[in-house]
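# Reading the structure
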Amino acid sequence: MFVIKETIVVAFASIRANALRSGLTTLGIVIGTAAVITMVALGEGAQRQVQQQIENMGTNILTVRPGQGYFRGVASGNRRLEEDDAVALREQVGDQYQIAPEIESRLQVSYLRWNSSNSVVGTWPSFFPLHSHEIAYGRFFDEGEVQGRRRVAVLGANVPEDLGTPPGLLVGRTIQIRGIRFEVVGVLKEKGGAMWMQPDDQIYIPLSTAMYRVMGGRDRLRSIYVAAPSPEELDPAWADIDRVIRREHRILPTEEADFSIQQSSEFLETFNETTQTFTMLLAGIAGVSLLVGGIGIMNIMLVSVTERTREIGVRKALGATRKTILFQFLIEALVLCVFGGMLGVAGGMGGARLISQMFGAETAVAAEAVVVALGFSAAIGLFFGIWPARRASTLDPIDALRYE
């Protein structure tokens, strides 16, 4: 035990004696570890952000979209979803699920001297409770206004700012969408969104008004949303939707459907897989600098062995064994790498926080990433320290004492 303690003390004394060189040697490890921590923090933060966004949008919602039509195995062009499909769903399964069709287009919106380009969504009143929207000012439009093709609009939380007017003052006022006058009947509470959907920037109008008064007789739906009572009932809901739409489109159960049904968790899984792949790629690239740092460690340790050849000879003449010398130099390499790894972790966490503050990107430093980074740093120290340590331990004491 005394020999081990003495060996560790000697190893630390050697590092302190060459503090500047030791610091420069660990720089590669510091940079590599910091880069790995930062990249993993960005990927983890993006995953958590999207997961939270999807939970806000609803985890019990199925989305029906038009697909590719086929005739005798040959693609025959994009098929369509129509309002009749949504009506059929409402009539046949509407007592079990909430149904809301959607048509969308980006249009010019103006109020007084303010102009903005916004996504305008035509839908049914059921769209709002289906997506858990809450009203901040005014009210939602109702079914009567859909049937009457009324020119009324509900604004997302960010739209009043785009139009240069406080949200409370816009209710009851008239805005123009594509040059057509619309009465603002409500403004929604801020909800946040996902990358593919920004409800706070959208304007909602009755579906019939959008189809026949705003979008030039366009009757193709972009999607139909179906909300099941709970995530556990998504599978029965999927089967009911498939049955109804197939009947409307006259597609046999054995034939390929000309529509697709997706749920929000599929978006999350796809995004997570992409993010993980991208994060691992960036972390792998950053990890190369760790290997470069390890090579630097090995190089400086070999130089140290050469400089301390006489010291090694004296220690061996006084009774130091090969294992003692080997252990001393391994400890030096290990301390350099682990210390560099700790500085790198601190730098990576600081870098992730700085990126979050400067660019608004959400970051999250996982404990597993810190443990893996430190473990990898220690492994590099052991791997690249073995050869210099072995070379030092195998020196002949007589030749070492004669070395100049």
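## Concerning the overall build of the protein chain
Helix and strand counts for the protein chain come out as 14 helices and 12 strands. Per-residue burial for the protein chain yields a buried fraction of 45% across its 404 residues. Residue pairs in contact within the protein chain that sit at least 24 positions apart in sequence constitute 78% of those at least 6 positions apart. Carbon and sulfur atoms provide 57% of the accessible area of the protein chain, an area that totals close to 20800 Å².

## So, unusual backbone geometry
Here L112, not a glycine, exhibits a phi torsion of approximately 55°, which is positive. On the secondary structure map, L112 appears in the loop between strand 4 (98–111) and strand 5 (114–123). At R178, a position not held by glycine, the phi torsion is positive, near 55°. Relative to the helices and strands, R178 is located in the loop between strand 8 (174–177) and strand 9 (180–188).

## Details of the pattern of salt bridges
Going through the model one piece at a time under the given rule, you end up with 8 salt bridges. E143 is the partner of R90 in a salt bridge, and the nearest nitrogen-oxygen pair spans 3.9 Å. Note that R90 is positioned in helix 3 (residues 83–93) and E143 in helix 5 (residues 143–147), a separation of 53 residues in sequence. The exposure class of E143 is partly exposed, given its relative accessible area of 31%. For K189, the salt bridge is made with E134, and the minimal N-O distance between the two is 3.3 Å. Placement of K189 in the loop between strand 9 and strand 10 (202–206) and of E134 in the loop between helix 4 (127–130) and strand 6 (135–138) is noted, with a sequence separation of 55 residues between them.

## Notes on a positive patch on the surface
Taken together, R149, R150, R151, R181 and R213 make up a surface patch of like positive charges. On the secondary structure map, R181 appears in strand 9.

## Some remarks on the pairing of strand 7 (residues 152–155)
Residues in a regular strand point their side chains to alternate faces of the sheet. Alternating positions in strand 7 separate into two faces, V152 and V154 on one and A153 and L155 on the other, with burial throughout. Strand direction decides the pairing type here: strand 7 and strand 9, joined by 4 bridges, are parallel. Residue pairing across strands places L155 opposite V187, the latter belonging to strand 9. Note: strand 7 against strand 10, 2 bridges, orientation antiparallel. If you follow V154 over to strand 10, its bridge partner there is Y204.

## Some thoughts on the packing of helix 11 (residues 309–317) against helix 12 (residues 322–359)
For the pair helix 11 and helix 12, interaxial distance at closest approach is 10 Å and the crossing angle is 140°. The angle between helix 11 and helix 12 falls in the class oblique. The two elements helix 11 and helix 12 cross, and the hand of that crossing is right-handed. Between helix 11 and helix 12, the contacting residues are E311, I312, R315 and K316 on the first element and R322, T324, I325, Q328 and F329 on the second. For the contact of helix 11 with helix 12, the class distribution of residues is 3 nonpolar, 2 polar and 4 charged.

## Overview of the packing of aromatic side chains
Under the defined criterion, the tally for this structure stands at 7 aromatic pairs. An angle of 75° between the planes, with centres 5.4 Å apart, marks the rings of F128 and F141 as edge-to-face. Remark: F141 occurs in the loop between strand 6 and helix 5 and F128 occurs in helix 4; sequence separation between them is 13 residues. Ring geometry for F383 against F384: centres 5.0 Å apart, planes inclined by 90°, an arrangement best described as edge-to-face. Aromatic ring contacts, followed pair by pair, group F127, F128, F140, F141, Y204 and Y225 into a single cluster. Of note, R90 hangs over the ring of W124, and the distance from its end group to the ring centre comes to 4.0 Å. Over the aromatic face of Y212 sits the side chain of R149, whose NZ or CZ is 4.2 Å from the ring centroid.

## Some remarks on the side chain of N60
Considering the arrangement of structural elements, one finds N60 in the loop between helix 2 (19–57) and strand 1 (61–66). Separated by 2.5 Å, the side chain of N60 and the backbone oxygen of A228 make a polar contact. Those residues in contact with N60 that lie beyond four places of it in its chain are V226, A227, A228, P229, S230, P231 and L234.

## Re helix 9 (residues 234–249)
With 16 residues, helix 9 extends 22 Å from end C-alpha to end C-alpha; this agrees with the ideal 22 Å at 1.5 Å per step. If you check which residues of helix 9 are buried, you get L234, A237, D240, I241, D242, V244, I245, R246 and H249. Buried residues in helix 9 make contact with strand 1, helix 3, strand 11 (223–227) and strand 12 (259–263). Just beyond helix 9, the residue with positive phi is R250, at close to 55°.

## Observations regarding the nonpolar core
Among the nonpolar cores identified, the biggest contains 59 residues, and L89, L155, I175, I177, I203, I205 and I224 are the most heavily contacted of them. The element that contributes the greatest number of residues to this core is strand 4, accounting for 6 residues. Setting aside chain neighbours within four positions, we find I205 in contact with V120, V121, G122, T123, F141, V152, A153, I177, F182, A210 and V214. Core analysis: the next-biggest nonpolar cluster, separate from the first, contains 20 residues, V36, I300, A333 and L336 among them.

## With respect to a nonpolar patch on the surface
Judged by side-chain polarity, L20, L24, L27 and I31 come together as a nonpolar surface patch covering roughly 430 Å² of accessible area. Within the fold, L27 resides in helix 2.

About the thresholds
Residues numbered from 1 in each chain as written. Predicted model: local features only at pLDDT ≥ 70, side-chain atom pairs only at ≥ 80, totals over all residues. Heavy atoms only, no water. Helix = DSSP H or I, 4+ residues; strand = E, 2+ residues; numbered from the N terminus. Buried < 20%, exposed > 50% of the residue type's maximum accessible area, 1.4 Å probe, protein only. Contact = heavy atoms within 4.5 Å. Areas by Shrake-Rupley, 256 points an atom, 1.4 Å probe, with all protein chains shown as cover. Salt bridge = Lys/Arg side-chain N within 4 Å of Asp/Glu carboxyl O. Patch = residues over 30% accessible without salt bridge, like charges linked within 9 Å, V, L, I, M, F, W, Y side chains within 5 Å. Lys, Arg positive; Asp, Glu negative; His and termini not counted. Charge placed at Lys NZ, Arg CZ, Asp CG, Glu CD. Pairing = 2+ DSSP bridges. Axes fitted to C-alpha atoms, helices over the stretch in contact; angles between N-to-C directions. Parallel < 35°, antiparallel > 145°, perpendicular 65-115°, else oblique. Left-handed = near helix turned anticlockwise from the far one by under 90°. Nonpolar A, V, L, I, M, F, W, Y, C, P; charged D, E, K, R; others polar. Phe/Tyr/Trp six-rings, centres within 6.5 Å; stacked < 30°, edge-to-face > 60°. Lys NZ or Arg CZ within 6 Å of the ring centre and 35° of its normal. Polar contact = N/O pair within 3.5 Å; in protein donor to acceptor, adjacent residues only side chain to side chain. Expected span 1.5 Å × (residues − 1). Core = buried A, V, L, I, M, F, W, Y, C linked by side-chain atoms within 4.5 Å.

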